[in-house]
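Letter by letter, the chains look like this.
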Amino acid sequence: MARHALVVGGTGMLQGVTLHLTETFERVTVIARSERRLRALEDVAPGVIHGCALDYTDTDALRNAVDALRPLDLAVCWIHSVAPDAPYVIAEAGAPDVYVHVLGSAVADPSRPDDGRRDRFEANGDMIYREVILGFVREGGRSRWLTNPEICDGVIAAVEGNLHRSVVGQVEPWSARP
């Protein structure tokens, strides 16, 4: 059976991850809103990259689309907080073997309580759940957000590694965030 990966956010910040996955997966499906960006990405690796144009805030459409993509070996998901149920919908409907959840630095905010995210994902049977927290970089006494290549390198390391939680850049001290 062909190995299949799903990437949400794969036409933007995670485009480098999408392209990297074409080296080891026979099929890489990318969910994004922009039909134009999906087609351009498909042209880079015809027959390997397959675009799925939809807005992941539409929970029913997302569930139906992801269910139709099964089986999934891997899901790599960068989903904004405007769709709080979308990550769980993908995990439940897609039932990937490995789920790599890309998260913004806000999840490392020491003033925020644990929201039970890891427990909810780990309740999905045999699925391996990995978190990648995007931090910032301190340079010359100043802080900056990560670049897309830095983000992709960190996410690729999480896909290929065995860490359940990794941080790209740093999240401490919290007061040093840009």
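These remarks concern the structure in this document. Please read all numbers here as calculations on a predicted model, not as lab measurements. (Residues numbered from 1 in each chain as written. Predicted model: local features only at pLDDT ≥ 70, side-chain atom pairs only at ≥ 80, totals over all residues. Heavy atoms only, no water.)

A word on the nonpolar core
Nonpolar side chains tend to gather and get buried jointly when the protein is soluble and globular. Just so we agree on the cut-off: Nonpolar core, defined: a set of buried Ala, Val, Leu, Ile, Met, Phe, Trp, Tyr and Cys residues in which side-chain atoms within 4.5 Å join the residues together. Each residue is assigned to one of three classes by its accessible area relative to the maximum for its type, calculated with a 1.4 Å probe on protein chains only: buried under 20%, partly exposed between the two thresholds, exposed over 50%. Labels follow the DSSP assignment, with helices taken as runs of H or I lasting at least four residues and strands as runs of E lasting at least two, numbered in each case from the N terminus. A contact between two residues is defined here by any heavy atoms of the two lying within 4.5 Å.
Core analysis: the biggest nonpolar cluster contains 32 residues, and Leu14, Leu21, Leu74, Val76, Val100, Leu134 and Val155 have the highest contact counts within it. Of all the secondary-structure elements, those providing two or more residues to this core are strand E1 (4-8), helix H1 (15-21), strand E2 (27-32), helix H2 (35-44), strand E4 (74-78), strand E5 (98-103), strand E6 (128-134) and helix H6 (148-160). Sort the elements by how many residues they give to this core and H6 lands first, with six residues. Residue contacts for Val155: discarding those within four places in its chain leaves Leu14, Val17, Val76, Val100, Val102 and Val132. Core analysis: the next-biggest nonpolar cluster, separate from the first, contains 26 residues, Leu6, Ala75, Cys77 and Ala93 among them.

Overview of the pattern of salt bridges
Convention followed: We count a salt bridge whenever a side-chain nitrogen from Lys or Arg sits within 4 Å of a carboxyl oxygen from Asp or Glu.
The tally for this structure, following the rule as stated, stands at nine salt bridges. Put simply, Asp60 and Arg63 hold a salt bridge, and the shortest N to O gap is 3.6 Å. With Asp60 and Arg63 both in helix H3 (residues 59-69) and three residues apart, this pair spans about one turn of that helix. Residue Asp60 is classed as exposed on the basis of its relative accessible area, which comes to 54%. Where Glu150 meets Arg144, a salt bridge forms, and the shortest distance between an N and an O atom there is 2.7 Å. On the accessibility criterion, Glu150 (26% relative accessible area) is partly exposed.

Here we look at the packing of H3 against helix H4 (residues 86-94)
To characterise two packed helices, one gives the angle between the axes of the helices and the distance between these axes. Threshold: Under this scheme, a helix contributes an axis fitted over its contacting stretch, all axes are lines through C-alpha atoms, and angles between N-to-C directions fall in the 0 to 180 degree range. Should an angle fall under 35 degrees it is called roughly parallel, over 145 degrees roughly antiparallel, and 65 to 115 degrees roughly perpendicular, with every other angle called oblique. Note on convention: the crossing is left-handed when the near helix lies turned anticlockwise from the far helix by less than a right angle, right-handed when the turn is clockwise. All residues other than Ala, Val, Leu, Ile, Met, Phe, Trp, Tyr, Cys, Pro, Asp, Glu, Lys and Arg, Gly among them, are scored as polar; the first ten of these are nonpolar and the last four charged.
Taken N-terminus to C-terminus, the directions of H3 and H4 make an angle of 30°; their axes are 8 Å apart at the nearest point. Our classification of the angle between H3 and H4 gives roughly parallel. Crossing handedness for the pair H3 and H4: right-handed. Within the contact between the two elements, H3 uses Thr59, Leu62, Arg63, Val66 and Asp67 and H4 uses Ala86, Val89, Ile90, Ala93 and Gly94. Across the contact of H3 with H4, the residue classes break down as six nonpolar, two polar and two charged.

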